[in-house]
Amino acid sequence: MLYNGKLRDKEMNAPVVVFTYNRPQHTQQTINALCNAHHANQTHLIVYSDAPRTIADENAVADVRNIIHHIDGFAKITIVEREKNIGLANNIISGLSEVFVEYDRAIVIEDDIVATEGFLDYMNAALSFYENKNVWSIAGYTPPIDVPQNYNYSTYFAPRNCSWGWATWRNKWLETDWQVSDFDQFIRNKQARHTFNYAGTDLSAMLLRWRIGEINSWSVRFCYAAFKSNQSTVYPTISLVKNAGTDGSGTNVSHTLRYESKTTSYLNVEQFAPTSIGVNEQILSSFRKTYNCSFIRRCINYLKLLLYIIQK
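Below, the structure is looked at part by part. (Residues numbered from 1 in each chain as written. Predicted model: local features only at pLDDT ≥ 70, side-chain atom pairs only at ≥ 80, totals over all residues. Heavy atoms only, no water.)

Some details on the side chain of Ser 154
Okay, so step 1: As for its placement among the helices and strands, Ser 154 is situated in the loop between β8 (135-139) and β9 (155-158).
Okay, so step 2: At 2.7 Å, the side chain of Ser 154 forms a polar contact with the backbone oxygen of Asn 268.
Okay, so step 3: Among all residues touching Ser 154, those that are not within four sequence positions of it are Tyr 235, Pro 236, Thr 237, Leu 267, Asn 268, Gln 271 and Phe 272. (Helix = DSSP H or I, 4+ residues; strand = E, 2+ residues; numbered from the N terminus. Polar contact = N/O pair within 3.5 Å; in protein donor to acceptor, adjacent residues only side chain to side chain. Contact = heavy atoms within 4.5 Å.)

What follows is the structure, encoded as structure tokens:
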């Protein structure tokens, strides 16, 4: 476990798993930041490179693979190059399932996440502190939030996972039903949808969009599994990562400043919030503002819901 930036036992460092595709500049930025993170030299770096989906992507994927084959500065480096394109969601689901055969915890970053120097310290400390508690995952990012002046902790809880620099444990990952076998029962249950949307009114709609094939999100299915288990994600009060993919180059995020949040290289690990305090309603009210849908979007989502139920 980590305390004040010092490792109690270097063998407890979780591996960092990076997922890349066709953005060499973003990949280089992500890798450079990880190399500069404290205790990178005591960390196993695992990189998954998806294969080109089209001929137009071949050169960019080749450039990415050239970058990852020249990485240095980690205790161990493993590179997995996909022979066929399987897409981001399948790459993450299958890749982490492979990693969790060997490891009981993992830190995950996509190729547009830029970590601060204290990112690995925080993630490893949180993985140890919250292990075997009612916590589903650890977030490295936090949306812009208002923290009450009397809130004395460096972390808080939200019933929504984060895909921008995050971590979890093997047992949580294996609990996830990636087929969402009870989806039809859930989507017809108004109260269940309302509860799932507690940390953002976009969640039920995202799950529906996955079901009808509009998106292929692993994250919303992982979030639904946490909802079924009644477990929260731990967030830092200040981000330890920045998403460089909000420039419009990402798979799921368009060009936007909506998610801009200040970052830090240090988070006090001795002020982690105990799980006993639960969700802070004032923080969560602020948290929701980033993810709640507009009125027009809610109307569109409701029409999609009605159409799905009628067709079934």
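Here's the deal with the packing of helix α8 (residues 203-211) against helix α11 (residues 295-311)
Okay, so step 1: Where α8 meets α11, the axes come as close as 10 Å, and the angle between the chain directions of the two elements is 50°. For the element pair α8 / α11, the angle class is oblique. Of the two elements, α8 crosses α11, and the hand of that crossing is left-handed. Touching Ala 205, Leu 208, Arg 209 and Arg 211 of α8 are Asn 301, Lys 304, Leu 305 and Tyr 308, all from α11.
Okay, so step 2: Of the residues assigned to the contact of α8 with α11, the class counts are 4 nonpolar, 1 polar and 3 charged. (Axes fitted to C-alpha atoms, helices over the stretch in contact; angles between N-to-C directions. Parallel < 35°, antiparallel > 145°, perpendicular 65-115°, else oblique. Left-handed = near helix turned anticlockwise from the far one by under 90°. Nonpolar A, V, L, I, M, F, W, Y, C, P; charged D, E, K, R; others polar.)

Looking at the sheet that holds strand β4 (residues 44-49)
Strand pairs in the sheet, formed through backbone hydrogen bonds, run parallel or antiparallel to each other.
Okay, so step 1: The 8 strands are arranged β5-β4-β3-β6-β10-β8-β11-β9 in an open sheet whose pairing can be described as mixed. If you trace the sheet from one side to the other, it starts and ends with β5 (76-81) and β9, each paired once. Mean inter-strand twist for the sheet, computed between neighbouring axes without regard to direction, equals 25°.
Okay, so step 2: Summarising the sheet, β8 and strand β10 (residues 166-169) pair through 2 bridges and their orientation is antiparallel. Paired with Ile 138 across the bridge in β10 is Ala 167. (Pairing = 2+ DSSP bridges.)

Looking at the environment of Ile 71
Okay, so step 1: Here Ile 71 lies in the loop between α2 (58-68) and β5.
Okay, so step 2: Remark: the alpha-carbon pair of Ile 71 and Thr 27, spanning 44 residues in sequence, is separated by 11 Å.

Re the environment of Leu 34
Okay, so step 1: By the element assignment, Leu 34 lies in helix α1 (residues 24-35).
Okay, so step 2: For Leu 34, a relative accessible area of 1% puts it in the buried group.
Okay, so step 3: Counting along the chain gives 39 residues from Leu 34 to Gly 73, while the straight-line C-alpha distance between them is 9.3 Å. (Buried < 20%, exposed > 50% of the residue type's maximum accessible area, 1.4 Å probe, protein only.)

Thoughts on the pairing of strand β3 (residues 16-20)
Residues in a regular strand point their side chains to alternate faces of the sheet.
Okay, so step 1: Of all 5 residues that make up β3, 5 are buried, and the element is covered over most of its length.
Okay, so step 2: In the sheet, β3 pairs with β4 via 5 bridges, with the strands oriented parallel. Within β4, the residue paired with Phe 19 across the bridge is Tyr 48.
Okay, so step 3: Chirality of the crossover, the property in question, places the unit of β3, α1 and β4 among those that are right-handed.
Okay, so step 4: Across 4 bridges, β3 lies against strand β6 (residues 105-110) in parallel orientation. Following the sheet pairing, Val 16 is matched in β6 by Ile 107. (Right-handed = clockwise from strand over helix to strand, strands pointing away.)

Side note on the packing of aromatic side chains
Okay, so step 1: Evaluated as defined, the whole model comprises 31 aromatic pairs.
Okay, so step 2: Consider the rings of Phe 100 and Trp 173, whose centres lie 6.2 Å apart with planes at 40°: the pair is tilted. A residue pair is termed long-range when its members are at least 10 positions apart, and Phe 100 in helix α3 (residues 87-102) and Trp 173 in helix α5 (residues 170-175) qualify at 73 residues. In this pair, the class of Phe 100 matches that of Trp 173, namely buried. (Phe/Tyr/Trp six-rings, centres within 6.5 Å; stacked < 30°, edge-to-face > 60°.)

Considerations on the side chain of Thr 142
Okay, so step 1: Note on placement: Thr 142 falls in the loop between β8 and β9.
Okay, so step 2: Overall, Thr 142 belongs to the buried group, its relative accessible area being 1%.
Okay, so step 3: Apart from the residues within four sequence positions on either side, Thr 142 is in contact with Tyr 156, Tyr 235, Pro 236, Thr 237, Ile 238, Ser 239 and Ser 261.

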